Every structure is written in C-alpha cells, then in structure tokens.
Amino acid sequence: MTETEQKTEIQQAEQHLPEWSEMAGLLRQMQEDTAEQKKYARRQCLLMQVCTGIFGCLLAVVLVAGLVLYPKVTALMGQTEAVLANLQSATSDIAQLDYAGTLEKVDSLLEKGEDGVTEMLESVKHALEILESIDIQKLNTAIDDLQTAIAPIANLFGRR
C-alpha cells in the first residue's frame, strides 16, 4: 500500500470515526436503558410475587372463613325455612279472618257497653238524689238521741 492510499483510508476512517463514536454512544445508551429495564423488570417481578403472596393469603382466609361459616349458614337457612313456613301459616290464618263479622261484634259490644254506662249513670244519679234528700242535721240529732238512750243500757253491761 502506498502512502497516499493509507492517507485516504485514514481520512476515510476519520470521516467515519464520528459515525463510530455516535454508534458507540448509542450502544452505551442502549446498554444503560437495558440495565434500567432489567432493574424495573426485577422490581415488577418482586411486586408480582408480593401480589401473588397476598392473593394466596386472601384466598386462604376466604376458604377458612367459608369452611367455618358454611355450617352456620346452613343452620340459618334451616331456621329461615321454618320461619317462612310459620309466616305463611300466619298469613293464611289472617286471610281467613272475617273482618266484617268482627267489626259488627265490636260495634254491638260498644253499643251494649254504652247502654250499660247509661244505666250506671242513671243509677248513680238516683243514688245522689237520695243522698241529697237526706237531712244531715236531723240525722245527727237522731244519732245523739240514740246515743243518749243507749248509754244507760251500755253502762248496765259494763261499758264506761
């Protein structure tokens, strides 16, 4: 190779050097990006493992709760069926009630009660009239006279 050829190759290499340095920079950038992606992939893997562990624990809690609560729920369902049967029976009994007849009986009972109250008030009024007709002064005088008449007999039997 001659010197001129070598110079031209060197010049060409120097011209290509900026391209190589750019490529080297790009390769370094790609390498850094790849390292950063690896770091984030590790974090993502760790978080996925944590989420899987939490999900597994949650699943275990739900299964245990289901196993513990299942007998209670089945017992509650049995009680609920019994209550529903009683409710249906009570509903059918209520549906068979004769509301009109019951109301008529209540009305007649109220009328009889009203008549009884009216009779009682008349009796009380009559009794008050009798009590008002009594002369209290004459009654007191009669009691004093009776007491005076009975006093000698009481003394005879030993009363003092």
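In this text, all values refer to a predicted model and were calculated from it rather than measured experimentally.

S.K.: In this structure, what is going on with the overall build of the protein chain? I would like to understand it.
M.R.: When helices and strands are counted, the protein chain shows three helices and zero strands. Helices and strands in the protein chain line up, N terminus first, as α-α-α. Among the 160 residues that make up the protein chain, the fraction classed as buried is 1%. Surface summary for the protein chain: the accessible area is close to 15,000 Å², and the carbon and sulfur share equals 65%.

S.K.: Teacher, can you tell me more about helix α3 (residues 136-156) here?
M.R.: For an α-helix, the turn length of 3.6 residues means that residues three or four places apart are oriented alike. Taking 1.5 Å per residue, 21 residues should reach 30 Å; α3 reaches 30 Å between its end C-alpha atoms and fits that length. Approximately 35 degrees is the largest bend angle found in α3, and it occurs at I150, with the proline P152 only one to four residues beyond.

S.K.: Just to check I follow, could you spell out a nonpolar patch on the surface for this structure?
M.R.: Side chains of V117, M120, L121, V124, L128, I130, L131, I134, I136, L139 and I143 sit close together on the surface and give an oily, nonpolar patch of about 1,000 Å² of accessible area. At the level of secondary structure, the elements contributing two or more residues to the nonpolar patch comprise α2 (99-133) and α3. Broken down by element, the residue count for the nonpolar patch peaks at seven residues, all from α2.

S.K.: When you look at a negative patch on the surface in this model, what are you seeing that I'm missing?
M.R.: Together, D98, E104, D107, E111, E114, D115, E119 and E122 make up a region of like negative charge exposed at the surface. Checked against the element boundaries, E114 lands in helix α2. Classification of E114 as exposed rests on a relative accessible area of 55%.

S.K.: I'm lost on the packing of aromatic side chains in this one. Help?
M.R.: Any pair of aromatic rings gets described here by the distance separating the centres and the angle formed by the planes. For the structure on display, the rule yields zero aromatic pairs. The residue whose ring lies beneath K39 is Y40, and the NZ or CZ to ring-centre distance is 5.3 Å.

Definitions and cut-offs
Each residue is numbered by its place in its chain's sequence as written, counting from 1. It should be noted that, the model being predicted, local features are given only for residues of pLDDT at least 70 and side-chain atom pairs only at 80 or more, the latter also being counted only at that level, while totals for whole chains, interfaces and linings use all residues. Heavy atoms from the whole structure form the basis of all side-chain values; hydrogens and water molecules are not counted. Going along the chain from the N terminus, every DSSP run of H or I of four or more residues is numbered as a helix, and every run of E of two or more is numbered as a strand. Each residue is placed in one exposure class: buried if its accessible area under a 1.4 Å probe, protein chains only, is under 20% of its type's maximum, exposed if it is over 50%, and partly exposed if it falls in between. All accessibility values rest on the Shrake-Rupley procedure with a 1.4 Å probe; residue burial counts only the protein chains present in the view. Expected span of a helix: the number of residues minus one, times 1.5 Å. One axis fitted to the seven residues ending at a residue, another fitted to the seven starting there: the angle between these axes is the bend at that residue. Here, patches come from residues exposed beyond 30% relative accessible area and free of salt bridges, joined within 9 Å for like charges and within 5 Å for nonpolar side chains (Val, Leu, Ile, Met, Phe, Trp, Tyr). A side-chain nitrogen of Lys or Arg and a carboxyl oxygen of Asp or Glu constitute a salt bridge if their distance falls within 4 Å. When charges are tallied, Lys and Arg are placed among the positive residues and Asp and Glu among the negative ones, while His and the ends of the chain are skipped. Where a charge lies is defined by one atom per residue type, namely NZ (Lys), CZ (Arg), CG (Asp) and CD (Glu). Two aromatic rings from Phe, Tyr or Trp, using only the six-membered ring of Trp, form a pair when their centres are within 6.5 Å; if the ring planes differ by under 30 degrees the pair is stacked, by over 60 it is edge-to-face, and anything between is tilted. Two conditions define a charge located above a ring, namely a distance within 6 Å from the ring centre to NZ of Lys or CZ of Arg, and an angle within 35 degrees of the ring normal.

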